[in-house]
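# Descriptive analysis of the structure
As a plain string of letters, each chain reads:
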Amino acid sequence: MSTIGFIGLGIMGGPMAGHLAAAGHEVTGYNRSAAAVEKLVAAGGIAAGSVAEAVDGKDIVITMLPQDEQVVEVFTEILRHAKPGALYIDFSSITPKTAEWTAAEGAKAGLRVLDAPVSGGEPGAVNAALSIMVGGAEADFEAAKPVFAAVGKTYELVGPNGSGQVVKAANQLIVGGTYALVAEAIVLMESLGADAAKGLDVLAGGLAGSKILELKRKSMLERDFRPGFRIDLHHKDMGIVGQAARDAGVAIPMGALTAQLIAAARAMGHGSLDHSALLLVAEALSGKTDSGEATA
């Protein structure tokens, strides 16, 4: 079992840190919210009052933060206090360039670095069923497997540092586009008088089936958009997708449209809702705004 410093105990980081403590690791956590730290302590973890306290002397240092700016800020502090040879795992979803920067700066300080963004949202974090896409060295990936096994169901090394973030961008591209199409399908069926619930049941069992239809069709029909993954965060991720495509010289016309639909949801005031709230955009575009109340 390892000693772990975990920074970022939010909607996903909190459950993940709890799973690591339950697996027998010594997990010291830090978060700007004291309530989040208290939840970790209740789950068997140890409270830290600062990033420095959380990472000092630890075998493994983990971050799960909202975006690049926080990762850069926290990692700069980690560089000052982590012991040489420590393994740094960043579960955040950030740009590939920032992930490559953490790897380069970490190497200078004697740290082993993996970018390991996750997919599965809050349910995946709570149920330790996340899909983890990892960028870095093979030996470091092997060393991190006990961590991945405690928080995830699927984990693969997909290339060198930064590659995990590239695959996460591809994931968000597919997820956003799928939500947009499911939303349009719901509006179409409801508008033409079909039983949308039974229709989605049939679609979920055929070639149109997806994890989104499996997990979200009922809540979308009920207009229950309590966040598992907020529109605001998906908007940030689509910015990463667009930048990665520009850097690679790749055309993503469907991705660009999806990014605009997510931006529209945010502009309509739905940023705090789950990304399945793209249904509200599809309804608005068709003038269907009275199909039910959205649950925040």
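Scroll up to find the structure this text is about.
### Quick word on the pattern of salt bridges
- Within this structure, the stated rule accounts for 17 salt bridges.
- Arginine 80 is paired through a salt bridge with glutamate 77; the nearest N and O atoms lie 2.7 Å apart. With arginine 80 and glutamate 77 both in helix α4 (residues 68-81) and three residues apart, the pair spans about one turn of that helix.
- Given a relative accessible area of 57%, arginine 80 falls into the exposed group.
- Lysine 211 is the partner of glutamate 214 in a salt bridge, and the nearest nitrogen-oxygen pair spans 3.7 Å.

### Here's the deal with the packing of aromatic side chains
- Tallied over the entire structure, the rule returns five aromatic pairs.
- Ring geometry for phenylalanine 91 and phenylalanine 148: centres 6.1 Å apart, planes at 70°, overall edge-to-face. Of this pair, phenylalanine 91 sits in the loop between β5 (87-90) and α5 (96-108) while phenylalanine 148 is found in helix α7 (residues 138-151), placing the two residues 57 residues apart along the sequence. Across this residue pair, the class does not change: phenylalanine 91 and phenylalanine 148 are buried.
- Between phenylalanine 148 and tyrosine 155, the aromatic rings sit 5.9 Å apart at their centres with planes inclined by 45°, giving tilted as the arrangement.
- Judged by relative accessible area, phenylalanine 148 falls into the buried class, the value being 0%.
- Given a relative accessible area of 24%, tyrosine 155 falls into the partly exposed group.
- The rings of Phe91, Phe141, Phe148 and Tyr155 are connected pair by pair, giving a single aromatic cluster.

### As for α4
- Between its first and last C-alpha, α4 extends 20 Å over 14 residues, near the 20 Å set by a 1.5 Å rise per residue.
- All of the buried residues along α4 are Asp68, Val71, Val74, Phe75 and Ile78. Looking straight down α4, one finds that the buried residues subtend no more than 135° of arc, so they occupy a single side. Exposed and oriented more than 90 degrees from the buried face of α4 are Glu69 and Arg80.
- Looking at the packing, one finds that the buried side of α4 touches β1 (3-7), α3 (51-55), β4 (60-63), β5 and α5.

### Section: a nonpolar patch on the surface
- A cluster of nonpolar side chains, namely Val158, Val166 and Val167, defines an oily patch on the protein surface of about 200 Å² accessible area.
- Within the fold, valine 167 resides in helix α8 (residues 163-191).
- In this structure valine 167 comes out as partly exposed when scored by relative accessible area, which is 34%.

### Some details on helix α11 (residues 231-248)
- Here α11 contains 18 residues, and its C-alpha end-to-end distance of 25 Å stays within 8% of the 26 Å for a straight helix at 1.5 Å per residue.
- Looking at α11, one finds that the buried residues are Ile231, His234, Lys236, Asp237, Met238, Ile240, Val241, Gly242 and Ala245.
- Residues of α11 that are buried in the fold lie against α5, α8 and α12 (253-270).
- Just past α11, the residue glycine 249 takes up positive phi, approximately 70°.

### Some thoughts on the side chain of aspartate 115
- By the secondary structure assignment, aspartate 115 is in strand β6 (residues 112-115).
- Although aspartate 115 is buried, it makes no salt bridge; lysine 168 carries the closest opposite charge, 11 Å away.
- A distance of 3.2 Å separates a polar side-chain atom of aspartate 115 from the backbone nitrogen of glutamine 165.

### Considering empty space enclosed by the protein
- What the rule picks out here adds up to one cavity of 30 Å³ or more.
- In this structure, the largest cavity is lined by Ser93, Ile94, Gln165, Lys168, Ala169, Gln172, Asp237, Ile240 and Val241.
- Of all the elements in the fold, those that place two or more residues in the lining of the largest cavity are α8 and α11.
- Per-element accounting of the lining of the largest cavity gives the leading share, four residues, to α8.
- In terms of residue class, the lining of the largest cavity is made up of four nonpolar, three polar and two charged.

### Side note on the packing of α8 against α11
- Two elements in contact, α8 and α11, have axes whose closest approach is 9 Å; the angle formed by their N-to-C orientations is 120°. Between α8 and α11, the angle falls in the class oblique. The interaxial crossing formed by α8 with α11 has left-handed handedness. Contact residues: α8 offers Lys168, Ala169, Gln172, Leu173, Val175 and Gly176, while α11 offers His234, Asp237, Met238, Ile240 and Val241.

### Looking at the packing of α12 against helix α13 (residues 278-285)
- Two elements in contact, α12 and α13, have axes whose closest approach is 9 Å; the angle formed by their N-to-C orientations is 90°. Considered as vectors, α12 and α13 are oriented roughly perpendicular to each other. Between α12 and α13, the contacting residues are Leu261, Ile262, Ala264, Ala265, Met268 and His270 on the first element and Leu278, Leu280, Val281, Ala284 and Leu285 on the second.
- Considered class by class, the residues forming the contact of α12 with α13 number 10 nonpolar, one polar and no charged.

Conventions used here
- Residues numbered from 1 in each chain as written.
- Predicted model: local features only at pLDDT ≥ 70, side-chain atom pairs only at ≥ 80, totals over all residues.
- Heavy atoms only, no water.
- Salt bridge = Lys/Arg side-chain N within 4 Å of Asp/Glu carboxyl O.
- Helix = DSSP H or I, 4+ residues; strand = E, 2+ residues; numbered from the N terminus.
- Buried < 20%, exposed > 50% of the residue type's maximum accessible area, 1.4 Å probe, protein only.
- Phe/Tyr/Trp six-rings, centres within 6.5 Å; stacked < 30°, edge-to-face > 60°.
- Expected span 1.5 Å × (residues − 1).
- Arc of directions from axis to C-beta.
- Contact = heavy atoms within 4.5 Å.
- Patch = residues over 30% accessible without salt bridge, like charges linked within 9 Å, V, L, I, M, F, W, Y side chains within 5 Å.
- Areas by Shrake-Rupley, 256 points an atom, 1.4 Å probe, with all protein chains shown as cover.
- Lys, Arg positive; Asp, Glu negative; His and termini not counted.
- Polar contact = N/O pair within 3.5 Å; in protein donor to acceptor, adjacent residues only side chain to side chain.
- 1 Å grid on protein atoms, 1.4 Å probe; cavity = no way out; pocket = protein on both sides within 12 Å on 5 of 7 lines; lining within 4 Å.
- Points joined across faces, edges and corners; volume = space filled by probe spheres on them.
- Nonpolar A, V, L, I, M, F, W, Y, C, P; charged D, E, K, R; others polar.
- Axes fitted to C-alpha atoms, helices over the stretch in contact; angles between N-to-C directions.
- Parallel < 35°, antiparallel > 145°, perpendicular 65-115°, else oblique.
- Left-handed = near helix turned anticlockwise from the far one by under 90°.

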